[in-house]
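Summary of structural features
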Amino acid sequence: MKNVPRNPESCLVNVPRGVGSLTLIFEWCYFRKYGTSFIEQVSVNHLRPLMGGIDPEASAEGFFPSSGENETSRQTLSECKVWRNPLNLFRGAEYNRYTWVTGKEPLTYYDMNLSAQDHQTFFTCDTDSLRPSDAVMQKAWRERSPQSRVKAAYQALEVSNDCATAYILLAEEEATTISDAEKLFQQALKASETAYKKSQQTQHMSSQHEAQYKRDMNVLVYTKRRLAMCARKLGRIREAVKIMRDLMKEFPLLSMVNIHENLLEALLELQAYADVQAVLAKYDDISLPKSATICYTAALLKARAVSDRFSPETASRRGLSTAEMNAVEAIHRAVEFNPHVPKYLLEMKSLIMPPEHILKRGDSEAVAYAFFHLQHWKRVEGALNLLHCTWEGTFRILPYPLEKGHLFYPYPGCTENADRELLPAFHEVSVYPKKELPFFIHFTAGLCSFTAMLALLTHQFPELMGVFAKAIIQIQR
């Protein structure tokens, strides 16, 4: 009884002080572990929206004081850019056939509209009026109806039978088999090579001639690339590899169109792993943009070295060897870049036909990668087992919040909305997995909230809280 304070209010005041010290210690420990303030996270992510505050993502541009963080912000925004799928399928021979069989539309209007913009950018220029067939094709690429586009392509061929872009349109949209598409692309190749040689000789005469040269070069590169993809689909893989290598050698500055991703997939089909590693050594560079194909192919090669004899039970007993550690780290790197891929590779989620455009680090990129590379993972014994045992560990080693990243810049918050535009409505879009907070953090947060409320009530209603404190002391006696 001697230890009980005479004034009940003093006892009540001492409680918040003691818990406040615990709160300070907890906040310090949390900051050391996760690199951010717990109270700040709760305030910004939970309390501010409830109080009508501004969404932190919507106003993120105003909170980057340093130049390094500004660069991170620009990188994040650039990664929300939509890219053309390097391995996009053929409309007539693949997408349309899927629609005929299933009755489902694999492409969204947004995706097809992006393709229409690509075609107008790649295949038209200001000098089209000088070539009557190109003038017809300029209108053809703007037609919304596939039938209207095909009809216009035939009109262009009636004007001139060496119109390369007309053959391209027919190969993409009218041909119902890959073989038919290949024949049309071969005709396009002859026409595009002739036009390219002519414009190459006159490119320096004026800006219009230079624009025409760039357009003819785009047509030639596109045609050769699609011919390589036709050869790959028809089983002539070595021929496809040769076309791709020649194309990359002839046009070395066209790395932005990611022809090396087509080459990697073809080399994996040949099981030419040494050649795959050589391509990765060139393109998996810190100064070049990453992709799921780059990151997961690098992980597959490292997993191949150890996966056939990997056992989680054995590894837990003796620890990981150096080669196993390298493989696990490569998987963690790949998963951090695009966390949606493993569920498709492990067949925990159904695959669909890939879109014509993808968002890097998004579900659309994961679908496109897994659609073409699942077979390569299955071919390497134990690779999927190693992936299954290790991929979820990525989210335990990332700092909190996950958006901060570990090896890459913050995961873009815009990917989910863009993926919903790119992927068909019948597909359930995969979203970035959120780390669950431990029970201790939930408990401490509740305790802090209770302490704050208790202190506020004591300040506002001291007499009432004094009566309440006396009642508690009486119960304790």
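Looking at an unreviewed UniProt entry, one finds the chain named Suppressor of tumorigenicity 7 protein-like, with Engystomops pustulosus as its source organism. You can read under Sequence similarities (unreviewed entry) in the UniProt record for the chain the words "Belongs to the ST7 family." Its UniProt record, at the heading Subcellular location (unreviewed entry), says of the chain: "Membrane".

Here's the deal with the pattern of salt bridges
Taken as a whole and judged by the stated rule, the model has 25 salt bridges. The shortest N-O distance in the salt bridge between Asp134 and Arg215 comes to 3.3 Å. In this pair, Asp134 is assigned in helix α6 (residues 132-140) and Arg215 in helix α10 (residues 207-233), connecting sequence segments 81 residues apart. For Asp134, a relative accessible area of 9% puts it in the buried group. One network of salt bridges, in which partners are shared, links Asp128, Arg131, Asp134, Arg215 and Asp216.

What to know about the packing of aromatic side chains
For the structure on display, the rule yields eleven aromatic pairs. Look at Phe123 and Tyr222: their rings are 5.1 Å apart centre to centre, the planes differ by 80°, and that puts the pair in the edge-to-face class. With Phe123 in helix α5 (residues 109-123) and Tyr222 in helix α10, the pair connects residues that are 99 residues apart, well separated along the chain. For Phe123, a relative accessible area of 2% gives the class buried. The exposure class assigned to Tyr222 is buried, which follows from its relative accessible area of 10%. When the ring of Phe337 is compared with that of Phe408, the centres are 5.3 Å apart and the planes differ by 65°; the resulting orientation is edge-to-face. Here Phe337, found in helix α16 (residues 322-337), pairs with Phe408, found in the loop between α20 (394-397) and α21 (415-422); they are 71 residues apart in sequence, far enough to count as distant. Taken individually, Phe337 and Phe408 each receive the classification buried, so the pair is uniform in this respect.

What to know about helix α4 (residues 91-102)
The complete set of buried residues in α4 reads Arg91, Gly92, Ala93, Glu94, Tyr95 and Thr99. Residues of α4 that are buried in the fold lie against α5, α7 (146-159), α8 (164-173), α9 (178-202) and α10. Residue Gly103 follows α4 closely and has a positive phi angle near 80°.

What about the side chain of His119?
Tracing the sequence through the fold places His119 in helix α5. Beyond its immediate sequence surroundings of up to four residues, His119 is in contact with Arg84, Thr124 and Trp141.

Quick notes on the nonpolar core
The biggest cluster of nonpolar side chains holds 99 residues, and the ones touching the most others in it are Met137, Ile168, Phe185, Tyr296, Leu345, Trp377 and Leu387. Ignoring sequence-local partners within four residues, the contact set of Phe185 consists of Phe90, Ile168, Ala171, Glu172, Tyr222, Thr223, Arg226, Leu227 and Cys230. In terms of nonpolar packing, the next biggest core, distinct from the first, is built from six residues, Leu87, Leu89, Leu107 and Met353 among them.

Definitions and limits used
Residues numbered from 1 in each chain as written. Predicted model: local features only at pLDDT ≥ 70, side-chain atom pairs only at ≥ 80, totals over all residues. Heavy atoms only, no water. UniProt positions renumbered as here; feature names shortened; annotations may be inferred. Salt bridge = Lys/Arg side-chain N within 4 Å of Asp/Glu carboxyl O. Helix = DSSP H or I, 4+ residues; strand = E, 2+ residues; numbered from the N terminus. Buried < 20%, exposed > 50% of the residue type's maximum accessible area, 1.4 Å probe, protein only. Phe/Tyr/Trp six-rings, centres within 6.5 Å; stacked < 30°, edge-to-face > 60°. Contact = heavy atoms within 4.5 Å. Core = buried A, V, L, I, M, F, W, Y, C linked by side-chain atoms within 4.5 Å.

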